[in-house]
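Listed here are the chains, written in short residue letters.
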Amino acid sequence: TNTVRELGGSVALETTPGSGTQFTLRLPLTLSIAETIIVSAAGQTCAVPQGFIDEIIQIAESELRTIRQAEVIPYRDGVLPLVRLRAMFGGGAAPCPELSILVLSSERGSTGLVVDRVHAQREVVVRPIEDPLLRVPGVSGATELGDGRPVLILDAIAITSGAVRPPGARAHAAAA
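Described below are features of the structure shown in this document. (Residues numbered from 1 in each chain as written. Predicted model: local features only at pLDDT ≥ 70, side-chain atom pairs only at ≥ 80, totals over all residues. Heavy atoms only, no water.)

### Quick notes on the sheet that holds strand 9 (residues 98–106)
Phase 1 of the analysis: The sheet built from six strands is open, its strands ordered 5-9-10-8-7-6 with mixed pairing. The open sheet has two edge strands, strand 5 (53–60) and strand 6 (65–67), and neither has a second partner. Shown here is a sheet whose adjacent strand axes are inclined to one another by a mean of 40 degrees, direction ignored. (Pairing = 2+ DSSP bridges. Helix = DSSP H or I, 4+ residues; strand = E, 2+ residues; numbered from the N terminus. Axes fitted to C-alpha atoms, helices over the stretch in contact; angles between N-to-C directions.)

### Quick look at the pairing of strand 10 (residues 109–115)
Phase 1 of the analysis: In terms of burial, strand 10 is a largely internal element, seven of the seven residues being buried.
Phase 2 of the analysis: Here strand 10 shows two buried faces, one formed by G109, T111, L113 and V115 and the other by S110, G112 and V114.
Phase 3 of the analysis: Relative to strand 10, strand 8 (residues 78–84) runs parallel, the two being bridged by three bridges. Across the sheet, residue L82 finds its bridge partner in strand 10, namely G112.
Phase 4 of the analysis: In the sheet, strand 9 pairs with strand 10 via seven bridges, with the strands oriented antiparallel. Bridged to S106 within strand 10 is G109.
Phase 5 of the analysis: Hairpin connection, strand 9 to strand 10: the antiparallel pair is bridged by two residues. (Buried < 20%, exposed > 50% of the residue type's maximum accessible area, 1.4 Å probe, protein only.)

### What to know about the sheet that holds strand 11 (residues 117–128)
Phase 1 of the analysis: Spatially, the five strands close up into a barrel ordered 3-4-13-12-11, and their pairing is mixed. Geometrically, the sheet is characterised by an average inter-axis angle of 50 degrees between neighbouring strands, direction not taken into account.
Phase 2 of the analysis: In this structure, strand 3 (residues 32–41) lies alongside strand 4 (residues 44–49), joined through six bridges in antiparallel fashion. Each bridged residue has a counterpart across the sheet, and for T36 the counterpart in strand 4 is P49.

### Digging into a nonpolar patch on the surface
Phase 1 of the analysis: On the surface, V11, L13, F23 and L25 cluster together into a nonpolar patch covering about 440 Å² of accessible area.
Phase 2 of the analysis: The set of elements that each furnish at least two residues to the nonpolar patch consists of strand 1 (10–16) and strand 2 (20–26). (Patch = residues over 30% accessible without salt bridge, like charges linked within 9 Å, V, L, I, M, F, W, Y side chains within 5 Å. Areas by Shrake-Rupley, 256 points an atom, 1.4 Å probe, with all protein chains shown as cover. Salt bridge = Lys/Arg side-chain N within 4 Å of Asp/Glu carboxyl O.)

### Some details on the pairing of strand 8
Phase 1 of the analysis: Within strand 8, six of the seven residues are buried, which leaves it mostly tucked inside the rest of the structure.
Phase 2 of the analysis: Here strand 7 (residues 70–75) runs beside strand 8; their pairing, made up of four bridges, is antiparallel. Its bridge partner lying in strand 8, V72 is registered against P81.
Phase 3 of the analysis: Here strand 7 hands over to strand 8 after two residues, with R76 in that stretch at a positive phi of 45 degrees.

### Observations regarding the pattern of salt bridges
Phase 1 of the analysis: Enumeration over the complete set of coordinates arrives at four salt bridges.
Phase 2 of the analysis: Across the salt bridge formed by D116 and R86, the nearest N and O atoms sit 3.1 Å from each other. Highlighted residues: D116 in the loop between strand 10 and strand 11 and R86 in helix 2 (residues 85–88), separated in sequence by 30 residues.

### What to know about the nonpolar core
Phase 1 of the analysis: If you look at the biggest cluster of nonpolar residues, it comprises 16 residues, and the most contacted ones within it are V39, V48, L85, L102, L104, L113 and L154.
Phase 2 of the analysis: Every element with two or more residues in this core is listed here: strand 3, strand 4, strand 9, strand 10 and helix 3 (156–159).
Phase 3 of the analysis: The greatest single-element share of this core, amounting to three residues, is contributed by strand 3.
Phase 4 of the analysis: Excluding its chain neighbours within four sequence positions, the residues that come into contact with V39 are Q44, T45, C46, V48, L85, L102, V115, R117, V118 and H119.
Phase 5 of the analysis: The next biggest cluster of nonpolar side chains, apart from the first, holds eleven residues, and it includes I57, L64, Y75 and L80. (Core = buried A, V, L, I, M, F, W, Y, C linked by side-chain atoms within 4.5 Å. Contact = heavy atoms within 4.5 Å.)

Purely geometric numbers; function is a separate question.
This is the structure in C-alpha cells:
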C-alpha cells in the first residue's frame, strides 16, 4: 500500500462475511507503465521506451565517419546519423573500441543513440515531468528502479528530431 500511496493512489478493502473480500485499487491516469531498455552514459542511468527501438547493435569505433560535422555509421545500404547520450549530459568522449548503439525510429526517420552501456529490459512506471521549468529537451519523464534514485526516461522523438535517416532512404555519402 505504500507504493500505491507514493503514486498518488489508494487501496480500499471491503469484506462481506460469507461472500468474500473485494479489493479496490485506484491509480491516477497520469501514470503509465512502459517497457524500456535501461542504458547509461556519463554516469547517468536512463530508460528508453522499447517501442522506439528498432534494434541494438555493436559496431567498431573505427567504422565511424564524419559527414558535415555529423557522426554516421554504415547502416543498411546507407548511413545512420548518431547522437551520443554522453554529449546530451555534457560528458566528454570516452574512447571505446566498440560502440553500443540503439537504433531509434520515429515518423521522421532513424537515428543511432550511442550509449556507454546497455543494462537490461525493464517495465517501469512513467511519471511525466509536468513542471514547465523542469522541461529538458530529449527527456519525457522519470521513474525509479527500486533504489529510490530517479531515472530519466528519454524522449526518442525529440532525440531523432535532429539528424535522421529518412524512412526508406538510401543515403549514400563519402566521408568528409
